[in-house]
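# Tertiary structure, described
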Amino acid sequence: MALQQDEAYSGYATSVDKTERVIIVCNSLPLKMTHDPEGAAERGHSWHFAMDPDSIYGQTVTGILNGTSVEKVLFLGGLGSEVELFEQDAVASDIAERFNCVPVFLGAELKDKYYKGFCKQFLWPLMHYILPQSPTSAGRYNKLNWQGYLAANKRFADKVVEVLNADGDFVWVHDYHLMLLPTFLRKRYNTVRCGFFLHCPFPSSEIFRTFPNRDLVLRGLLNADVVAFHTFDYARHFLSCTTRLLGLNHKTVRGSLAIDYYGRSVSVKICPTGVNTDRLQEGVMWPESVSHRLNYRKAFRGRMVFLGIDDMDLFKGIDLRLQAYELLLSQHPEMAETMVLVQVCNPARSTGRETQELQSEVEAIVERLNATYGVTEGDGDAFGGKVVEFINRGTSLDERIALMSHADCVVVTATRDGMNLLPYEYITCRQGPRDESVGTADGFPLPRNSSLIMSEFVGCSSSLSGAFRVNPWNVEDVADAMYRAATLSGVEAEARHKKHWKYISEHTVGYWAASNISELQRATELDGKAPKCYGLGFGLNFRVVTLDPEFRRLDNMQCSLEYSQSTRRVLLLDYDGTLVQAATYDQPPSPELLDTIQTLANDPMNAMVCIVSGRCKGTLAKWFSDAVPNVALLAEHGYWYKGPAWGSNPDWACLATVGTEENIARWRGIVLPILEQYQDSTDGSYIRDKKTSVVWDYRDADPDFGAWQAKELMDHLESVLVNDPVDVLWGSCHVEIKPQGIGKSTAVEMFLGPAADTHLRGGLAAGKVDFILAVGDDRSDEEMFQAVDQWVGNPESAVKAALSCARPGSEPQKGKKKRGHDHLAVYCSTVGQKPSGADYYLEDHDDVVALLGALVTQAPASGSATP
Ligand SMILES: O=P(O)(O)OC[C@H]1O[C@H](O[C@H]2O[C@H](CO)[C@@H](O)[C@H](O)[C@H]2O)[C@H](O)[C@@H](O)[C@@H]1O
């Protein structure tokens, strides 16, 4: 195949080159190589190379160049044969220049451990649900082979780094052989633009979790920007693994799935591969194909042809197919004279006892079938009278095209297969040449009809709705489908064919490649803002933390300096997760923490120090009222307020509007029995009853089940609380029901709103405030940040943030700062690096306490308590 690129590969790109280029990284380069010592003098090495026109990677070029803004494609990968050390440089520059291919030479020993040992004996079966239970199985996990896998992935990554132009390149990594590569790559380039496509199935988390290095492999994939799969099933198994094994959240944004991984959004894409329809449609007219087809036609003497083409792999279900066929013939012996099953078996790529056993079993059934049902026919040519034609060798594409274009039905009974492109190739061959009138001699025109028997465990099954879908383990089911396919009317076979062809002709290999690269471009677009990122973790645990460029770590020095220069301050502090570590049990404040808060609250320049918490008023009063009388307390997210000792109203006051109590009693009567139902049916979940608000918490439940139940609960509550003045909020692992309008923005309204002078020390008006610190760690604190932002941007506006039935996924927005305030310092800080409407973050509660300590130390001698 000729590469459709204007320029030949002209050496490695320089760092100023911004031409968009895709580097396709795969285990096997799209090259055919044969040993050819004759030409060595001319080429400087003893190998003959040609592009492999059947490689899926080579077939992506046209789609990428025509379907995206990318201008160049480079391939990087291994070669099929070992090249001696002394010839490697010559081979590398030759194939780089002529085929845009960069070879990775692993050496026989490493390749043996990495490919044969780890990939083919362990990983390949695992991804196809085969666990090596037998102690003598070659597929048992072997640490040396894992180290080979690791070393090979690193070698591939090193080679990518050698050729990478970080300004213009997209790296597209392929398949299970290279799942660690994104980690090695991101270690070298934080901002590398990297996509990953998995060609085989991603198994259920119950299988994947048996993998001893599961976390490192998941993290490897998460170091890509896009992780793509053939089907939703594979994507959902991957998501389930990242949730269950790594505790990560995922969400759907405008129809796209994404995982939040340390501030980087990893897109999860579903995009099945396709075939090169142009090549196959031309292929049916190649003289070799025509000649093979004529031979088959003659040999099969008008019998109906059922076809299977598979690698001799354990999970291709070849034995199950033969058993089903045997059952069909036993039920309908007359069919032995009217049909033939042609089974092509490409040599196995995996070795091992089990594969040899399969090979023997298949041969035995074929022999038995032909002995029982075969008939001696006419001139006794090669195919005469057999009911199974077993072609146990590699076949050329023209042979396969001839078979596919002649076959009446293709049978796929794999018990697992990533995609399996045979049905797509078959439908394309049956469609025949693009121009129907071409080649009417020598076997043309081909009938534009087809039928398919498809295992439901194969990737392409979901897109071929006109196939007879079968459970391959159910031999009766498959035999029955064979009978139905054999007796299908011509009209129906045409209709099914037409439907499949429409899909296949639109979803070609080029479409697949362009769609993947477009997604990679979309996912790595910077919108004019370069994210701030830094590496974290050692070895294969490495990951990159990415932050909004405007989101920065709160600088204690700067903050305490501005604090010391200000004289009219408001400090709003959340409690759990902010002043103490978040826990599922009570964490009272330590004497040191109380001491720090007391010093702050006693400072006359602090017009307000308020603990703004979701905790109930009794607990806050117990912990703070006596110990720190000058601090204000806002309990139950702003339902109750208790002013400081120096204020005019040091007793608890209900901030809710008149009638709220009766309302609460009403909706509690509805909500509590429902929550109890969810508590009972969701093991590990529990109810936290704060009286004015109620929380259903599923932090300790199964994460998937908890999230499903939460969604259901949201819908349930929305439907029963339609007329009640409540807000239902879906937070991190909890659903909270609280009176409408009650929230932490209340604190901002009280201390920065029009009536601020009734609360702030010395009757201070909000407009005089010159320093604001608001710190909190969770979703409820975001309301407080949002309200501060709103006030700063427009002090006259109502500050209460809109509350509603909120579900996760609505990202907080950062507000405009300091409009109309010349001398105002504002520090809104979340705790922990995560998406937040705050401009700053502090790492954890220790960091918060250290900041408060710094404020205390930095403050000018401001005197002691002034009641
Ligand atoms: O033996 P390997 O070198 O490890 O290659 C594994 C298989 O790769 C190809 O199949 C996989 O990709 C196909 C296209 O996405 C998909 O249809 C199939 O289900 C995958 O298993 C190749 O076609 C196979 O021959 C290899 O065994």
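Definitions and limits used
- Residues numbered from 1 in each chain as written.
- Predicted model: local features only at pLDDT ≥ 70, side-chain atom pairs only at ≥ 80, totals over all residues.
- Heavy atoms only, no water.
- Near = heavy atom within 4 Å.
- Polar contact = N/O pair within 3.5 Å; in protein donor to acceptor, adjacent residues only side chain to side chain.
- Areas by Shrake-Rupley, 256 points an atom, 1.4 Å probe, with all protein chains shown as cover.
- Helix = DSSP H or I, 4+ residues; strand = E, 2+ residues; numbered from the N terminus.
- Pairing = 2+ DSSP bridges.
- Axes fitted to C-alpha atoms, helices over the stretch in contact; angles between N-to-C directions.
- Contact = heavy atoms within 4.5 Å.
- Parallel < 35°, antiparallel > 145°, perpendicular 65-115°, else oblique.
- Left-handed = near helix turned anticlockwise from the far one by under 90°.
- Nonpolar A, V, L, I, M, F, W, Y, C, P; charged D, E, K, R; others polar.
- Salt bridge = Lys/Arg side-chain N within 4 Å of Asp/Glu carboxyl O.

Per an unreviewed UniProt entry, the protein chain goes by Glycosyltransferase family 20 protein and derives from Micromonas pusilla.

Here we come to the site of the ligand. Taken together, 16 residues sit near the ligand, with K120, Y176, H199, D417 and M419 positioned nearest. Here an oxygen atom of the ligand and a side-chain polar atom of H230 are 3.3 Å apart. Within the contact set of the ligand, an oxygen atom lies 3.3 Å away from a backbone nitrogen or oxygen of G418. Bound to the protein, the ligand loses 82% of the 550 Å² it would expose on its own. A per-element tally of the shell around the ligand places helix 4 (residues 108-127) first, with three residues.

The next subject is the sheet that holds strand 28 (residues 726-731). If you trace the four strands from one edge of the open sheet to the other, you get 26-27-29-28, paired in antiparallel fashion. Looking at strand neighbours, the two that pair on one side only are strand 26 (686-689) and strand 28, the edges of this open sheet. Each neighbouring strand pair of the sheet contributes to a mean axis angle of 15 degrees, computed without reference to strand direction. As judged from the four bridges shared by strand 27 (residues 694-697) and strand 29 (residues 734-739), these two strands associate in the antiparallel manner. Bridge pairing in strand 29 places D697 opposite H734. Packing of helix 23 (residues 703-720) onto the sheet brings it into contact with strand 27, strand 28 and strand 29, and relative to strand 28 it is tilted by some 165 degrees.

In the contact formed by helix 22 (residues 660-681) and helix 23, the axes pass within 11 Å of each other and the chain directions differ by 160 degrees. As far as their axial angle goes, helix 23 and helix 22 are roughly antiparallel. Helix-helix and strand crossings are classified by hand; for helix 22 and helix 23 the assignment is right-handed. Here helix 22 contributes I670, V671, I674, L675, Y678 and S681 to the contact with helix 23, which in turn contributes F705, Q709, E712, L713, H716, L717 and V720. Along the lines of polarity and charge, the residues of the contact of helix 22 with helix 23 split into nine nonpolar, three polar and one charged.

This part covers the sheet that holds strand 8 (residues 226-229). Spatially, 5-4-1-6-7-8-11-10-9 is the arrangement adopted by the nine strands of the open sheet, whose pairing is mixed. The open sheet terminates on both sides in strands that have one partner only, identified here as strand 5 (101-103) and strand 9 (250-253). Strand-to-strand, the axes of this sheet are offset by a mean angle of 25 degrees, without reference to chain direction. Sheet topology note: the strand 7 (residues 194-197)/strand 8 ladder contains three bridges and is parallel. What sits directly across from G195, in strand 8, is V226. The strands that helix 5 (residues 143-163) touches are strand 1 (21-28), strand 4 (72-78), strand 5 and strand 6 (169-174); relative to strand 4, the one it contacts most, it runs at about 150 degrees. On the sheet, helix 8 (residues 214-222) packs against strand 7, strand 8, strand 10 (256-261) and strand 11 (264-270) and is oriented at approximately 115 degrees with respect to strand 10.

Summed over all chains, the structure comprises 39 salt bridges. For the salt bridge of D36 with R43, the shortest nitrogen-to-oxygen distance reads 3.1 Å. The salt bridge involving E326 is made with R368; its shortest N-O contact spans 2.8 Å. Of this pair, E326 sits in helix 12 (residues 318-331) while R368 sits in helix 13 (residues 353-373), and the two are 42 residues apart along the sequence. Within the structure, one salt-bridge network assembled from shared partners comprises K154, D158 and R188.

In this section: unusual backbone geometry. With a phi close to 60 degrees, H637 is a non-glycine residue in the positive phi region. If you trace the backbone, H637 turns up in the loop between strand 23 (632-635) and strand 24 (640-642). Even without glycine at this site, K691 takes up a positive phi of about 70 degrees. You can see K691 is positioned in the loop between strand 26 and strand 27.

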